[in-house]
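# Examination of the molecular architecture
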Amino acid sequence: MTELSVPLKTATPAPTGWRQRLKPLWREVSATEHVDGFNARHFRARQILAVVGLLPMVFTGNLIGTVTIAATFWGQMPSWALCLWVILAVLSLVALDRGLRLLVTMVGAKPVAEPSSLHVVCLSVAAFAGIWAVIPALMFPITDHLGQLLIASVLVGMMCGGGLILSSVPIAACTYVLVICAATALALQRSAYVNNVSLLGLLGIWSITVMGVTMANARMFFARLRAEAESDRQRQLIDLLLRDFEEHASDWLWEVSHTGHFRHVSARLAQSFGLPSRQLLTHSFSELVESMLPRELPEAVAAFDQLQTHLSLGRPFRDLELPMRVDGQLRWWSLMAKPLFDDRGRAAGWRGVGADVTQGRIARDEMARLANVDALTGLANRHCFSLELARVCASVETSQRGCALLFVDLDNFKGINDSLGHAVGDQLLRSVAARIQACVAPGDLLARLGGDEFALLSWQAGDEASAVQLGDRVLAALATPCQLEDVRVEVRASIGMALAPRDGTSPQTLLQSADLALYAAKAGGRNTHRFFLPFMGESARARARLQQELGVALADEQFAVHYQPQVSTLTGQVVGFEALVRWQHQERGLIGPNEFIPVAEETGQIVPLGTWVLRQACKVAMQWPGEIRVAVNLSAVQFRSHSVVDLVEQALADSGLPAERLELEITESALIDDHEGAQATLAALRSRGIRVALDDFGTGYSSLAYLRRFPMDQLKIDGMFVRSLDSDPDAQAVVTAIISLAKALRLETTAEGVELPEQMVMLRALGCDVVQGFWMARPMPATEIPAFLARMEPVREN
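Residues numbered from 1 in each chain as written. Predicted model: local features only at pLDDT ≥ 70, side-chain atom pairs only at ≥ 80, totals over all residues. Heavy atoms only, no water.

## Here's the deal with the overall build of the protein
Note the following rule: Numbering of helices and strands runs from the N terminus; a helix is a DSSP stretch of H or I covering at least four residues, while a strand is a stretch of E covering at least two. The size measure is the radius of gyration over C-alpha atoms, and the globule rule it meets is 2.2 Å times the number of residues to the 0.38 power. The contact criterion used is simple: two residues touch if any of their non-hydrogen atoms lie within 4.5 Å. Think of it this way: Lys and Arg go in the positive column, Asp and Glu in the negative one, and His and the chain ends go nowhere. To locate a charge, take NZ of a lysine, CZ of an arginine, CG of an aspartate or CD of a glutamate.
The helix and strand tally for the protein stands at 32 helices and 23 strands. The C-alpha atoms of the protein give 57 Å as radius of gyration, which overshoots the globular expectation for 798 residues (28 Å, by more than 25%). Taking contacts inside the protein between residues at least 6 apart in sequence as the whole, the part at least 24 apart equals 64%. Taking the average location of the 70 positive side-chain charges in the protein and that of its 82 negative ones, the two points are 13 Å from each other.

In C-alpha cells:
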C-alpha cells in the first residue's frame, strides 16, 4: 500500500496591522450591542445628549466668530455672499441642535438612540464644518496677512473647541477636525505670505493632538457610562433582592433618620408592627417600640434599656431580642443594626434588619423547660435540682434561715415494677409524685432524680421540728394504697433528711448527708425517716475505707478459710464442715464475715472472693475421709451469675472432689427476683450430684412455695431460734414446725448455733438430723482438722 503524504497547513498569523491595534481602542469609545448589550442604545443617546448639552456654548462662540469675520471682511467680497454665509453658519447650528434632539427617543424614563443616529451626527457635523471651510477657501487668496492670521486663528480655535465638544461622539469629532484641517491646509497652500511646509506640519501635528485628546476624553466618557450602568444594574439587583426579601422572608428591613423616624415603611414592616404606615412615619422608632413593650415581663424593660444604650452610643448591635405586644399577642423580635454616617462623618441614622423569632423563642423555651423537667412526672429533673441546690448553698439566706433536703426512696418499687410491669410502675411514679407535690409548700422544689428516687428542697422546713412534720406528711400521703387501673398497690417509702447549713454547706456534702440518712432509714426498718447524724459520716468513711482495703486484700490473698464441723445427732459422727471465710487484716487482725461480706456484695467483690473460697474448700476437702462433706455459702450475687455452674464444675475438676461431697448453701434472697433462672440453676447443680441447702430458714419469707418449687436437699435452722430453744416456747414451736415440715418434704435439717448440751438433747429429741455450733467446736483452720477428727475417732468407732 502506497502511503499518501498530505501537506500540513500552517496557521497564518493574525494580522497585526494598525487596524487590528485600533479595534480594541475603538470598542472602548463606541457603543455596540456586542459589547454593551441592551445598554448600547442608551449609551448612544447619552453621547448625543452630551453634545446637545454643550450646543448653547457652541452657538454663542459661533455667533461671535461669524460676526467678527463678517465685520472684518465686509467690503472685501460681495456683501450678499458674506450675508448668505453668516445666515447659513447660524442656521446650520440651530438645525444641528434640533436634529440631534430628534435622534433621541425616550423608552420609559431612559433615552435611547439607534446606531444610524451616529451617522446622521457625523454628516451633520461634516456639513457644519464644510460651511466654515468656505471662508479660508474664498478669503485666503484675496486678503492680506492680517486677515489670513484672523481666519487661521478662528479655524484653529474652532477645530480645538469642536473636537473637545464632540469628544463624546469620537467619530463625529474626528470628522469635524479632519474637515476643518483639510480646509485650513488648502487655504495655506493658496497663501503667498507664509511658509506652507512648516505650517502644514504644525497643522497636522495639532490636528492629531486634538484627535488624541478627543479619544482620551471619549474613553473617560464611556468608562463613566459603563460604570454608571454597572452601578445601576447592581442597584436594580439589590432592589430586586430586597423586594423579594421583604415580600417572602419573615424578616423586615428598617431604616431611620438621625431624628429616629423611619425613612420609608414597607408593607412587611407595617405588618410586623401591626400599625398603618402613616402612623409609623409620625413616631420615632424608640417611641413605637416603647409603646408596644409588655412591661409585665422584667426582661422586656432590660432589653429596651439595652437597645437605647446602643442607639445613644452609636454602637452596632445584633441578635437583640425584644418581647413586643402586637395586636394583643406576645411576639418576640430579634433586631440588628449599624449606624449610618454622612460624607462629613456625622451620624445620619440607623439601618438594620428585624425578624419575628416568636416560634424559635417558644421552641427554645420549651427545650429549656424539657431540659429541667422530668418527662414522666412533670417534676423538676436532676439537672434542675442540682442547679437549685447549688444556688441554695451559695445563698446568704440559707445560712440565716436554713433549709431541709429530703431524699424519698420507695421501698417496694422494684418488686411492683417487675411483677406488674413498667406501665403500672410509671403510673405509680406519677401518682407518688402528685401525692408528694401536695405536701410541698409554695417556693419549695420537688424533683425526681431518677427511678424511684425523689428529692425535696424546702425553705419552709429549715429546722428539725418542721422537717419532721414534713416527713410525716409525706409518709402519711403515701400510706393510702394507690388504685392503678385494675390493680391496688400499696407503696412505702424511706426518707433521709439533712438540714443546711448544719449538715453541710456545699451541694456535695448536703447530698451525702441526706443519702446517709436515707441509708439509715432503710436499715432502721423502712417506711420511716431519719435525720443525718455525725456518726453516719464516720461509718460511711469507714465503709469506703473497708471497700478499698477489700480490693487490696483480694489481690494479696489476705483471706483464710476456717471450717466448723457438722455432727450427726444420731451417730455423733462428723458428717461435714462448713467453710467460713475470715479476713486476716494487716492492722486489725482477724475480721469476721459479718463485717466485710455486705460490703463485698454491694461492690460485686463477692464474686471473686466466693470463687476463691469455693476452690480452697474443695481442695482442702480432698484431704478428709471420703464420707465427710464440705458446705460452701453462695451469696445471692454469686448464685445469680450465669457462670455459677461452670465455676462450681471447674472447682470440682481442679480439686478432684466428687460432686456428692460438695454442699452449696443459699439464702431465700437468691431465689426471690428470678424464679425461672434460680430453678434452672438449682436443677443443673443437683443433676451433677451437688447437694443444695436453704440457709437461715425461718428468718426470711420462709415460703412453702419455695420448698415446693425449688429442688433442695436440706434446711438449715437459723441460730437465733436454737439459742433460745430451752427458754422460749415460741422458738421451740418454730423449730418443731421446721423439722416436721422438712420430714414431710423428705429434706434433712441442720441446726446452727448449738452452744449448750440441753439444746443438743432437745434437737435430737425433735428429730433434727445434723447440728453445728460452739458446743461441738469453733471454726478452725484447715491445719487443725486432722487433730479434731482424731479426737472424734472414738465416737466414730462406737
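## What to know about the packing of helix α3 (residues 40-72) against helix α4 (residues 79-103)
What counts, and what does not: Interaxial angles span 0 to 180 degrees and are taken between N-to-C directions of axes, which are lines fitted to C-alpha atoms, for helices over the stretch in contact. Oblique is the label for any angle not under 35 degrees, not over 145, and not in the 65 to 115 range, which are roughly parallel, roughly antiparallel and roughly perpendicular in turn. Throughout, the ten residues Ala, Val, Leu, Ile, Met, Phe, Trp, Tyr, Cys and Pro are labelled nonpolar, Asp, Glu, Lys and Arg are labelled charged, and all others, Gly among them, are labelled polar.
Direction vectors running N to C along α3 and α4 enclose 175 degrees, while the axes themselves pass 10 Å from each other. The orientation of α3 relative to α4 falls into the category roughly antiparallel. The segment α3 lies against α4, with Ile48, Val51, Val52, Leu55, Val58, Phe59, Asn62, Leu63, Thr66, Ile69 and Ala70 engaging Leu82, Trp85, Val86, Ala89, Val90, Leu93, Val94, Leu96, Asp97, Leu100, Arg101 and Leu103. Residue composition of the contact of α3 with α4, by class: 19 nonpolar, 2 polar and 2 charged.

## Looking at the confidence of the model for the protein
The cut-off we apply is this: Here pLDDT means the predictor's own confidence in every residue, given as a number from 0 to 100.
Across the protein, pLDDT averages 83, with 91% of residues at or above 70. Confidence drops under pLDDT 50 across residues 1-16; counting only partners more than four residues distant or on other chains, this segment forms 2 contacts.

## Quick notes on the sheet that holds strand β6 (residues 347-356)
Which entries qualify depends on this criterion: For two strands to be treated as a pair, DSSP must find at least two bridges joining them.
Taken in spatial order, the 4 strands make up an open sheet running β3-β6-β5-β4, and their pairing is antiparallel. Unpaired on one side and paired on the other, β3 (251-256) and β4 (317-326) mark the two borders of the sheet. Between one strand axis and the next, the sheet turns through 30 degrees on average, direction left out of account. Sheet topology places strand β5 (residues 329-341) next to β6; 9 bridges connect them, and they run antiparallel. What sits directly across from methionine 336, in β6, is valine 353. In the packing of helix α12 (residues 298-313) onto the sheet, the strands contacted are β4, β5 and β6, and the crossing angle to β4 comes to about 135 degrees.

## Section: unusual backbone geometry
In this structure, proline 501 follows alanine 500 across a cis peptide bond, with omega equal to 5 degrees. Tracing the chain through its elements places proline 501 in the loop between β12 (493-500) and α19 (507-523). Positive phi, normally seen in glycine, also occurs at aspartate 327, with a value near 50 degrees. By secondary structure assignment, the location of aspartate 327 is in the loop between β4 and β5.

## Quick notes on the pairing of strand β8 (residues 445-450)
We count it as follows: Note on exposure labels: buried denotes an accessible area under 20% of the residue type's maximum, exposed denotes more than 50%, and partly exposed covers the range between, all computed with a 1.4 Å probe on protein chains only.
β8 sits mainly inside the fold: 5 of its 6 residues count as buried. Relative to strand β9 (residues 453-458), β8 runs antiparallel, the two sharing 5 bridges. Note on β9: the bridge partner recorded for arginine 448 is phenylalanine 454. Counted between consecutive antiparallel strands, the loop separating β8 from β9 contains 2 residues, among which glycine 451 sits at a positive phi close to 60 degrees.

## Details of the packing of helix α17 (residues 422-437) against helix α18 (residues 464-479)
The line we're drawing: Rotating anticlockwise by less than a right angle from the far helix to the near helix defines a left-handed crossing, while the corresponding clockwise rotation defines a right-handed one.
Two numbers describe how α17 lies on α18: the axes approach to 9 Å, and their chain directions differ by 140 degrees. When the axis of α17 is compared with that of α18, the two are oblique. In terms of crossing hand, the pair formed by α17 and α18 is right-handed. Counted together, Val432, Arg435 and Ile436 of α17 and Val474, Ala477 and Leu478 of α18 form the full contact between these two elements. Class assignment for the residues of the contact of α17 with α18 results in 5 nonpolar, no polar and 1 charged.

## Details of the side chain of serine 257
Formally: Contacts described as polar in this section are N or O atom pairs within 3.5 Å, which, within protein, must combine one atom able to donate a hydrogen with one able to accept it, while residues neighboring in sequence count only if both atoms come from side chains.
Residue placement: serine 257 occurs in the loop between β3 and α9 (267-273). Residue classification places serine 257 among the buried residues on the basis of a relative accessible area of 15%. Polar contacts involving the side chain of serine 257 include one to the side chain of threonine 259, which spans 2.8 Å. Setting aside anything within four residues of it in sequence, one finds serine 257 in contact with Arg263, Ala348 and Gly349.

## What about the nonpolar core?
Convention followed: Residue types Ala, Val, Leu, Ile, Met, Phe, Trp, Tyr and Cys, when buried and joined through side-chain atoms within 4.5 Å, form a set referred to as a nonpolar core.
Tyr563, Phe596, Val630 and Leu662 are the most contacted members of the largest nonpolar core, which totals 78 residues. If you tally residues by element for this core, the top one is helix α22 (residues 606-621), at 8 residues. Look past the residues within four positions of phenylalanine 596 in its chain and what remains in contact with it is Leu546, Leu550, Phe559, Val581, Arg582, Trp583, Ile591 and Leu609. In terms of nonpolar packing, the next biggest core, distinct from the first, is built from 55 residues, Leu96, Leu118, Ile135 and Ala185 among them.

## Here's the deal with the pairing of strand β14 (residues 559-568)
Regular strands show a simple pattern: their side chains alternate between the two faces of the sheet. Within β14, 9 of the 10 residues are buried, which leaves the element mostly enclosed by the surrounding structure. Of the pairings in the sheet, the one linking β14 to strand β15 (residues 574-585) comprises 9 bridges and is antiparallel in character. By the bridge assignment for β15, glutamine 564 is matched with glutamate 578. Examined bridge by bridge, β14 and strand β22 (residues 770-771) share 2 bridges and lie antiparallel to one another. Among the inter-strand pairings, serine 568 is bridged to a residue of β22, identified as valine 770.

## What to know about the side chain of serine 334
Note on placement: serine 334 falls in strand β5. Take serine 334: its relative accessible area is 14%, and that puts it in the buried class. Those residues within four positions of serine 334 in sequence are excluded, and the remaining contacts are Asp319, Leu320, Glu321, Val353, Gly354, Ala355 and Val357.

## Re the pattern of salt bridges
Here is the rule we go by: The working definition used for a salt bridge is a side-chain nitrogen of Lys or Arg within 4 Å of a carboxyl oxygen of Asp or Glu.
For the structure shown, the criterion picks out 30 salt bridges. Measuring nitrogen to oxygen at the nearest pair gives 3.0 Å for the salt bridge that ties glutamate 114 to arginine 41. Of the two residues, glutamate 114 sits in the loop between β2 (110-112) and α5 (116-139) while arginine 41 sits in helix α3, which places them 73 residues apart along the sequence. Here aspartate 713 makes a salt bridge to arginine 686, at a shortest N to O gap of 2.9 Å. With aspartate 713 in the loop between α27 (704-709) and β20 (714-717) and arginine 686 in helix α26 (residues 675-687), this residue pair connects regions lying 27 residues apart in the sequence. Aspartate 713 gets classed as buried once you look at its relative accessible area, which sits at 16%. Take arginine 686: its relative accessible area is 31%, and that puts it in the partly exposed class. If you follow the salt bridges from partner to partner, you end up with Glu299, Glu321, Arg361, Arg364 and Asp365 in one network.

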